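The lines below spell out each chain.
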Amino acid sequence: MLFSASEELDVICNQIAWLERYTYELDCLSQQPTPEFSGDLEQIINATAPHFFYMTRNLLVYIIYMGIAKLLDPPEQGKGAMKKNNLTLERIVISFTSVGSPQRASAEQLLLKVKDMFSPGLEARNKILAHTDYNCSMDYNNGIIKMNIDQDTIGSIIVKLRLIIEEVAPVNTLPTILPKDDKHWLGARDFIDRLRPTVTS
């Protein structure tokens, strides 16, 4: 089945929007949270459901890493009859720009920078998250440290993913309201606020 470039763009925009949301939720639950949580977040977490929050943090990291990695995959993988198409950022760049255009050159340069910034995350996806590499699994604690990317860098990567879309397709369906400013989203911030009186009163 064939889909239009604009339909493909909508799917990619949706994936980036969710990455922005997941990253904001992780920021709200991190040990160095956004300013509105600094101070009592760990107290609330430890007094209510520390294992649940620990698991939630890990699941958010997993889904963020996997989501970024999928967007950075090549547009095609395999050979001959085994060739598979991937819906990736590179496919969007190719679809919405012409060969040799300044927009394509700029987007490709930014995409290379993002891939470089996320290279430990790609290794984590390939060796731990999507596949169980024997050596990495047996030496998990030492291996995972090398593949860890700090939250500021993850945030910067996701900002750059948005910039690539805005560069090649100024008319897009990326949300105009960032998660931290979305008053209709009831996420971790609201959950913590409702737990706060039960712990700090």
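For the structure given in this document, a descriptive report is provided here. (Residues numbered from 1 in each chain as written. Predicted model: local features only at pLDDT ≥ 70, side-chain atom pairs only at ≥ 80, totals over all residues. Heavy atoms only, no water.)

### Examining the overall build of the protein chain
Summing up its helical and strand segments, the protein chain has 10 helices and two strands in all. Starting at the N terminus and walking to the C terminus, you meet the elements of the protein chain as α-α-α-β-β-α-α-α-α-α-α-α. Expressed along its principal axes, the backbone C-alpha trace of the protein chain runs to roughly 60 × 45 × 30 Å. Within the protein chain, residue pairs in contact and separated by at least 24 positions form 71% of the contacts whose partners lie at least 6 positions apart. The average position of the 20 basic charges and that of the 25 acidic charges among the side chains of the protein chain differ by 3 Å. (Helix = DSSP H or I, 4+ residues; strand = E, 2+ residues; numbered from the N terminus. Contact = heavy atoms within 4.5 Å. Lys, Arg positive; Asp, Glu negative; His and termini not counted. Charge placed at Lys NZ, Arg CZ, Asp CG, Glu CD.)

### Some points on helix H3 (residues 50–72)
For an α-helix, the turn length of 3.6 residues means that residues three or four places apart are oriented alike. Its 23 residues give H3 an end-to-end C-alpha distance of 33 Å, which sits within 8% of 33 Å, the value for a rise of 1.5 Å per residue. Among all positions of H3, only Phe53, Thr56, Arg57, Leu60, Ile64, Tyr65, Met66, Gly67, Ile68, Ala69, Leu71 and Leu72 are buried. (Expected span 1.5 Å × (residues − 1). Buried < 20%, exposed > 50% of the residue type's maximum accessible area, 1.4 Å probe, protein only.)

### Details of the side chain of Asn86
Within the secondary structure, Asn86 is located in the loop between strand S2 (84–85) and helix H4 (89–96). Residue classification places Asn86 among the buried positions, given a relative accessible area of 18%. Side-chain polar atoms of Asn86 contact the backbone oxygen of Pro74, separated by 3.0 Å. In contact with Asn86, not counting residues within four places along its chain, are Asp73, Pro74, Pro75, Glu76, Gln77 and Arg91. (Polar contact = N/O pair within 3.5 Å; in protein donor to acceptor, adjacent residues only side chain to side chain.)

### Regarding the nonpolar core
Ile68, Leu89, Phe118, Ile154, Leu161, Ile164 and Ile165 are the most contacted members of the largest nonpolar core, which totals 46 residues. Here the element with the most residues in this core is helix H1 (residues 5–29); it accounts for nine residues. (Core = buried A, V, L, I, M, F, W, Y, C linked by side-chain atoms within 4.5 Å.)

### Remarks on the pattern of salt bridges
Two side chains that carry opposite charge are able to pair once their charged atoms sit near each other. A full pass over the atoms with the stated rule returns 10 salt bridges. Here Arg196 ties to Asp40 by a salt bridge, and the two come within 2.6 Å at their closest N and O atoms. With Arg196 in helix H10 (residues 188–200) and Asp40 in the loop between H1 and helix H2 (41–48), this pair connects stretches of sequence that are 156 residues apart. Notably, a salt bridge pairs Glu166 with Arg162, separated by 3.4 Å at the nearest N-O pair. Of this pair, Glu166 and Arg162 are both found in helix H9 (residues 151–168), four residues apart, which corresponds to roughly one turn of the helix. Here Glu166 falls in the partly exposed class, since its relative accessible area comes to 34%. (Salt bridge = Lys/Arg side-chain N within 4 Å of Asp/Glu carboxyl O.)

### What about the packing of H2 against H3?
Between H2 and H3, whose axes approach to 6 Å, the crossing angle comes to 120 degrees. For the pair formed by H2 and H3, the contact residues are Leu41, Glu42, Ile45, Asn46 and Thr48 on the first element and Pro50, Phe53 and Arg57 on the second. For the contact of H2 with H3, the residue count by class is four nonpolar, two polar and two charged. (Axes fitted to C-alpha atoms, helices over the stretch in contact; angles between N-to-C directions. Nonpolar A, V, L, I, M, F, W, Y, C, P; charged D, E, K, R; others polar.)

### What to know about the packing of H1 against H4
Orientation of H1 relative to H4, taken along the N-to-C sense of each, is 145 degrees, at an axis distance of 10 Å. Our pair here, H1 against H4, has a crossing hand that is left-handed. Every residue of H4 that contacts H1 at Ala5, Ser6, Glu8, Leu9 and Ile12 is listed here: Leu89, Arg91, Ile92, Ser95 and Phe96. For the contact of H1 with H4, a count of residues per class yields six nonpolar, two polar and two charged. (Left-handed = near helix turned anticlockwise from the far one by under 90°.)

### Observations regarding a nonpolar patch on the surface
Judged by side-chain polarity, Phe52, Met55, Leu59 and Phe191 come together as a nonpolar surface patch covering roughly 400 Å² of accessible area. A total of three residues in the nonpolar patch trace back to one element, the largest contributor, which is H3. With respect to the element layout, Phe191 can be found in helix H10. In this structure Phe191 comes out as partly exposed when scored by relative accessible area, which is 41%. (Patch = residues over 30% accessible without salt bridge, like charges linked within 9 Å, V, L, I, M, F, W, Y side chains within 5 Å. Areas by Shrake-Rupley, 256 points an atom, 1.4 Å probe, with all protein chains shown as cover.)

Limitation: the analysis is restricted to geometry and does not speak to function.
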